[in-house]
Amino acid sequence: MLNFELTREPRATNDKPEEWTEDMNRLDHTLSQLKAKGEKALITYIMAGDPSLQETEQLVLELEHAGADVIELGVPFSDPIADGPVIQKAAERGLRSGTSLRMILESVRHLRTNTQIPIVLMAYYNNIHAFGEAEFCRKAVDAGIDGLIVPDMPPDEAGPLRGPADEAGLHLIFLLAPTSTAARRAYVAKESGGFVYYVSITGITGAKLNDIAGVRDNVAKIRKHTKTPVAVGFGVATPDDAARVADVADGVIVGSAIVRRVGEHGQDGRLIQEVGAFVRSLKAAMQPA
Amino acid sequence: MAIPDRHGRFGPYGGRYVPETLMPALLELEEVYQRTRRDKRFQAELKHYLKDYVGRPTPLYFAERLTKRLGGAKIYLKREDLCHTGAHKINNAIGQALLAKRMKKPRLIAETGAGQHGVATATVAAMFGLECEIYMGTEDMQRQALNVFRMRLLGATVTGVDAGSRTLKDAISEAMRDWTTNVRTTHYVLGSVLGAHPYPMMIRDFQSVIGREARKQILAAEGRLPDGLVACVGGGSNAIGLFHAFVPDKKVKLVGVEAGGLGIESGKHAARFAGGRPGVLQGTMTYLLQDDNGQVNLTHSVSAGLDYAAVGPEHSFHKETNRAQYTSVTDDEALAAFDLLAREEGIMPALESAHAIAEVMRSAPTMKKSQVLIVNLSGRGDKDVQQVARMKGVTL
Ligand SMILES: Cc1ncc(COP(=O)(O)O)c(C=O)c1O
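Student: Is there a simple way to explain the layout of surface pockets in this structure?
Tutor: Space left empty within the atom packing is revealed by a probe, the size of a water molecule, rolled over the atoms. All names here are of chain B. Estimates place the volume of the second largest pocket at around 520 Å³. Lining the second largest pocket are 17 residues, and of these Gln43, Leu46, Leu50, Val209 and Arg212 lie nearest its centre. When contributions to the lining of the second largest pocket are tallied by element, the ones reaching two or more residues are α1 (23-37), α2 (40-54), α9 (199-207) and α10 (209-222). Here the residues of the lining of the second largest pocket are counted per class, giving six nonpolar, three polar and eight charged.

Student: What am I meant to see in the interface of chain A and chain B here?
Tutor: Quite often, the size of an interface is put as the accessible area lost when its parts meet. At the junction of the two partners, chain A supplies 34 residues and chain B supplies 35 residues. Carbon and sulfur atoms supply 51% of the area that chain A and chain B bury against each other, a total of about 2,700 Å² over both sides. Among the residues chain A hides against chain B, the three largest losses belong to A:Asp79, A:Ile81 and A:Glu157. Together they make up 23% of the total. Our count for the chain A to chain B interface comes out at three salt bridges. Here A:Arg184 makes a salt bridge to B:Glu20, at a shortest N to O gap of 2.8 Å. Elements with a contribution of two residues or more to the side of chain A that touches chain B: α4 (85-96), α6 (125-131), β6 (175-176) and α9 (182-191) of chain A. Per-element tally for the side of chain A that touches chain B: the top contributor is α6(A), with five residues. Here the side of chain A that touches chain B is composed, by residue class, of 17 nonpolar, eleven polar and six charged.

Student: Explain the side chain of B:Asp384 to me, please; I cannot follow it from the model alone.
Tutor: Residue and element names in this part refer to chain B. Its place among the elements puts Asp384 in the loop between β14 (372-377) and α16 (385-391). Since its relative accessible area comes to 1%, Asp384 is described here as buried. Ignoring sequence-local partners within four residues, the contact set of Asp384 consists of Gln144, Ala350, Leu351 and Glu352.

Student: Any chance you could explain α2(B) here in plain terms?
Tutor: In an α-helix, one turn spans 3.6 residues; hence positions three or four apart end up facing the same way. Residues and elements named next belong to chain B. The terminal C-alpha atoms of α2 lie 20 Å apart, and with 15 residues this matches the ideal 21 Å at 1.5 Å per residue to within 8%. Of the positions making up α2, those classed as buried are Phe42, Leu46, Tyr49, Leu50 and Val54. Along the axis of α2, the buried residues cluster in a sector spanning 100 degrees; they form a single face. In α2, the exposed positions angled more than 90 degrees off the buried face are occupied by Lys40, Arg41, Lys47, Lys51 and Asp52. Looking at the buried positions of α2, the neighbouring elements they touch are α1, α4 (89-102), α5 (116-128) and α9.

Student: I keep staring at the sheet that holds strand β3 (residues 60-62) of chain B and nothing clicks. Help me out?
Tutor: Paired through backbone hydrogen bonds, the strands of a sheet run either parallel or antiparallel to each other. All names here are of chain B. Pairing in this open sheet of six strands is mixed, and the strands run β3-β4-β14-β9-β10-β13 from one edge to the other. The open sheet has two free edges, formed respectively by β3 and β13 (324-330), since each of these has just one partner strand. Looking at each pair of strands side by side, their axes are set apart by 25 degrees on average, direction ignored. Pairing of strand β4 (residues 74-79) with β14, which is carried by six bridges, proceeds in the parallel orientation. Following the sheet pairing, Leu77 is matched in β14 by Val375. The sheet contacts of helix α14 (residues 331-345) involve β3, β4, β10 (253-261), β13 and β14, and relative to β13 the element is tilted by about 90 degrees. Contacts from helix α15 (residues 351-363) reach β4, β9 (228-232), β10, β13 and β14, with the element oriented near 160 degrees to β14.

Student: Would you mind showing me how to read the sheet that holds strand β1 (residues 41-47) of chain A here?
Tutor: Residue and element names in this part refer to chain A. Within the open sheet, the nine strands sit side by side as β5-β4-β3-β2-β1-β9-β8-β7-β6. Their pairing is parallel. Edge positions in the sheet fall to β5 (171-173) and β6, since each of these pairs with one other strand and no more. With three bridges joining them, strand β4 (residues 147-149) and β5 adopt parallel strand pairing. Pairing of Leu148 across the sheet is with Leu172, part of β5. With respect to the sheet, helix α3 (residues 53-66) is in contact with β1 and β2 (70-74), its orientation differing from that of β1 by roughly 165 degrees.

Student: Looking at this structure, how should I read the environment of A:Arg162?
Tutor: Residues and elements named next belong to chain A. Residue position: Arg162 is located in helix α8 (residues 159-168). Using a relative accessible area of 23% as the deciding quantity, one classes Arg162 as partly exposed. For the pair Arg162 and Phe195, spaced 33 residues apart in sequence, the C-alpha to C-alpha distance is 16 Å. Leaving out residues up to four positions away in the same chain, Arg162 has contacts with Leu172, Phe174 and Glu191. For Arg162, the side chain forms a polar contact with the main-chain oxygen of Glu191, separated by 2.7 Å.

Student: What's the story with the nonpolar core in this structure? I'm lost.
Tutor: Generally speaking, nonpolar side chains in soluble globular proteins are found buried as a group. Residue and element names in this part refer to chain A. Ranked by size, the top nonpolar core spans 96 residues in total, and within it Leu73, Leu121, Phe136, Leu148 and Val254 carry the most contacts. Ranked by the residues each element gives to this core, the list is headed by helix α13 (residues 271-286), at six residues. Among residues more than four places away in sequence, those in contact with Leu148 are Val120, Leu121, Ala123, Ile128, Phe136, Leu161, Leu170, His171, Leu172 and Ile173.

Student: Mind showing me how you'd approach the site of the ligand here?
Tutor: Residue and element names in this part refer to chain B. Neighbouring residues of the ligand: 19 residues in total, closest Ser192, Gly234, Gly236, Ser237 and Ser378. In the environment of the ligand, an oxygen atom lies 3.2 Å from a nitrogen or oxygen atom belonging to the backbone of Gly235. Protein contacts shield 98% of the accessible area of the ligand, which totals 390 Å² for the unbound molecule. Classifying every residue of the shell around the ligand by side-chain character gives six nonpolar, eleven polar and two charged.

Student: Can you walk me through the pattern of salt bridges in this structure?
Tutor: When charged atoms on two side chains of opposite charge get close, those side chains can pair. Residues and elements named next belong to chain A. Throughout the structure, instances matching the rule amount to 54 salt bridges over all chains. In this structure, Arg102 and Glu135 form a salt bridge, with 3.8 Å as the shortest nitrogen-oxygen distance. Of this pair, Arg102 sits in helix α5 (residues 101-111) while Glu135 is found in helix α7 (residues 133-143), placing the two residues 33 residues apart along the sequence. Taking the relative accessible area as the measure of exposure, Arg102 reaches 40% and is therefore partly exposed.

Student: Help me out: how do you make sense of the pairing of strand β5 (residues 107-112) of chain B in this one?
Tutor: The side chains of a regular strand alternate, first on one face of the sheet and then on the other. Residues and elements named next belong to chain B. The buried fraction of β5 is high, at six of six residues. Side chains Arg107, Ile109 and Glu111 of β5 all project onto a buried face; the interleaved residues Leu108, Ala110 and Thr112 project onto the opposite face, where all are buried too. Inspection of the sheet shows β5 paired to strand β6 (residues 131-137) by six bridges, in the parallel sense. Pairing of Ala110 across the sheet is with Ile134, part of β6. In the classification by handedness, the crossover that spans β5, the intervening α5 and the parallel β6 is right-handed. Bridging between β5 and strand β8 (residues 186-188) involves three bridges; their strand directions are parallel.

Student: Can you help me understand helix α10 (residues 212-223) of chain A in this one?
Tutor: All names here are of chain A. Taking 1.5 Å per residue, twelve residues should reach 16 Å; α10 reaches 16 Å between its end C-alpha atoms and fits that length. Regarding α10, the residues found buried are Ile212, Gly214, Val215, Asn218, Val219 and Ile222. Axial view of α10: buried residues confined to an arc of 150 degrees, hence all on one face. Looking at the packing, one finds that the buried side of α10 touches β6, α9, β7 (196-199), β8 (230-233) and α11 (239-246).

What counts, and where the lines are drawn
Residues numbered from 1 in each chain as written. Chains lettered and ligands numbered in written order. Predicted model: local features only at pLDDT ≥ 70, side-chain atom pairs only at ≥ 80, totals over all residues. Heavy atoms only, no water. 1 Å grid on protein atoms, 1.4 Å probe; cavity = no way out; pocket = protein on both sides within 12 Å on 5 of 7 lines; lining within 4 Å. Points joined across faces, edges and corners; volume = space filled by probe spheres on them. Helix = DSSP H or I, 4+ residues; strand = E, 2+ residues; numbered from the N terminus. Nonpolar A, V, L, I, M, F, W, Y, C, P; charged D, E, K, R; others polar. Contact = heavy atoms within 4.5 Å. Buried area = accessible area lost by both parts, 1.4 Å probe. Salt bridge = Lys/Arg side-chain N within 4 Å of Asp/Glu carboxyl O. Buried < 20%, exposed > 50% of the residue type's maximum accessible area, 1.4 Å probe, protein only. Expected span 1.5 Å × (residues − 1). Arc of directions from axis to C-beta. Pairing = 2+ DSSP bridges. Axes fitted to C-alpha atoms, helices over the stretch in contact; angles between N-to-C directions. Polar contact = N/O pair within 3.5 Å; in protein donor to acceptor, adjacent residues only side chain to side chain. Core = buried A, V, L, I, M, F, W, Y, C linked by side-chain atoms within 4.5 Å. Near = heavy atom within 4 Å. Areas by Shrake-Rupley, 256 points an atom, 1.4 Å probe, with all protein chains shown as cover. Right-handed = clockwise from strand over helix to strand, strands pointing away.

Written out as structure tokens, the structure is:
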């Protein structure tokens, strides 16, 4: 018997790219467009408010310009247990510039007058909890946020966010790790929306990626459980890393390597230019041969 | 109802708020712990070490002169200060080291505030031949310099943490990062009833020997249950350890004492139940000192072991259900209690435990002479002698 659901033709690649419309999640739209073109997503992370929210807005536009497909905005938290020293310091700078989650939503709303690039927030649970889970989901989507990553909230604890996020159309993006068991892969892959975030190393952000074969294996295993794209992050630091990861996953997430440059050039007037140049080099390395 | 439930919840508190990398390790730990706690060989082994290595049971001592001096309730001290290494922390460290051996993890890590848990972990690591690294805030390393040297003498690596408030909270974050990186070979010996499930439950169980002994001892001494129990609450392990066996005895009042620092009004304290509200820190949902945006506040206490922004989730549950009452005493009150116990009983308490004594100085005089209080003397004060000298303006 024919199953029309499964045999539906993939969208022909010579189609004109479909325009984003307001009823679509930007993340879904962008990732499916890239897939149709056979390209991989470059997902770039910066810390909101580092060195200031105004510069964050400029950086987002520059990242898009330089070839980023998705923006991940970190929300500075006082006790970031999943982050290495580079992002810890960025969070301290973000807090010192007085950045709060409410202000970040306002910045995103402002950015939306200039760009429709998908924006995902990465926030620790207590900042969301203090805001109020349901209120956060409504206001985030209203401001123009497409997805949420909470590094200290496995899907097992996502109950209070699930209903409001689904209702608002906010993707909850969950993480899998090299230590994840088969049972957790099945569970987390099914719960994750937008993309599945595969953590390429057993460790914290900013550590070194050295086992690309392991990454390839794990991404393949995750794909058995879901059609949702799989993006790989933690430890992708160089254009060469980005190329190797693009080879095995749907998306490449680069955080600490960009944030380090923000830290180095936050005060010397070369911030936008240096970060842009680095992201261009990542994007160039990811182009299919 | 048994608490926590199978999701590690004490009512709305507790849970498992950790990066995915740690989830498999927590699930394994829970599974191994649930299996071993019912294993007679494990229980026999634990009992052996608690008796012959730690020196349990610890005495329940009637503090006659302190009682007379305060002129009210009869005061008994549960002498956890007489445990090997000088505090209750080793009850838990031994239990977790035995579990680590069963999980074939050759390396132990721990955080420490006052240094007592670090010393306890370094001690059992030496005794079982395990590698050991201790994380400690640099502020705490300074005020507990003696314990830093003790840990090093025991063969542990002590790593200073120079982030945030440079105290216990930052040491826990760093230990969690180490665990996330080395989880395959390393067991994280968390030192209080904090963190993600199963830690708050497991550490409570290991510490509950305190209350089981005290219950038997007071029945033997007085022929009845006490009217109240008093213990200091940092993360809350010595308090839960004393309270647990008495929780069903509804007539026994349970009092936890938090660090009031320079006074609640000053904002410089660690009294979570006076100044906090529920939130998530380092793996668990619980009362937390935080600002409106959910950023964790800096805390202050003269006592490094109480200087922490969150409290064990089971205490939040006892607070909410009114089974326990929580109060706070200031740095100065704790120091006065330190002096009083030294002069009246010849016992120098840890500054943490001095907080519990200070609460008794307030409550005992208001009680009848026929009434009975048990205070948990969670540790001895030798480690604090330099700090006390500093507070008194004495140079040694
Ligand atoms: C002697 C002593 N008492 C109490 C504490 C506080 O911890 P908890 O509340 O877990 O008993 C400490 C912690 O370092 C301690 O060393």
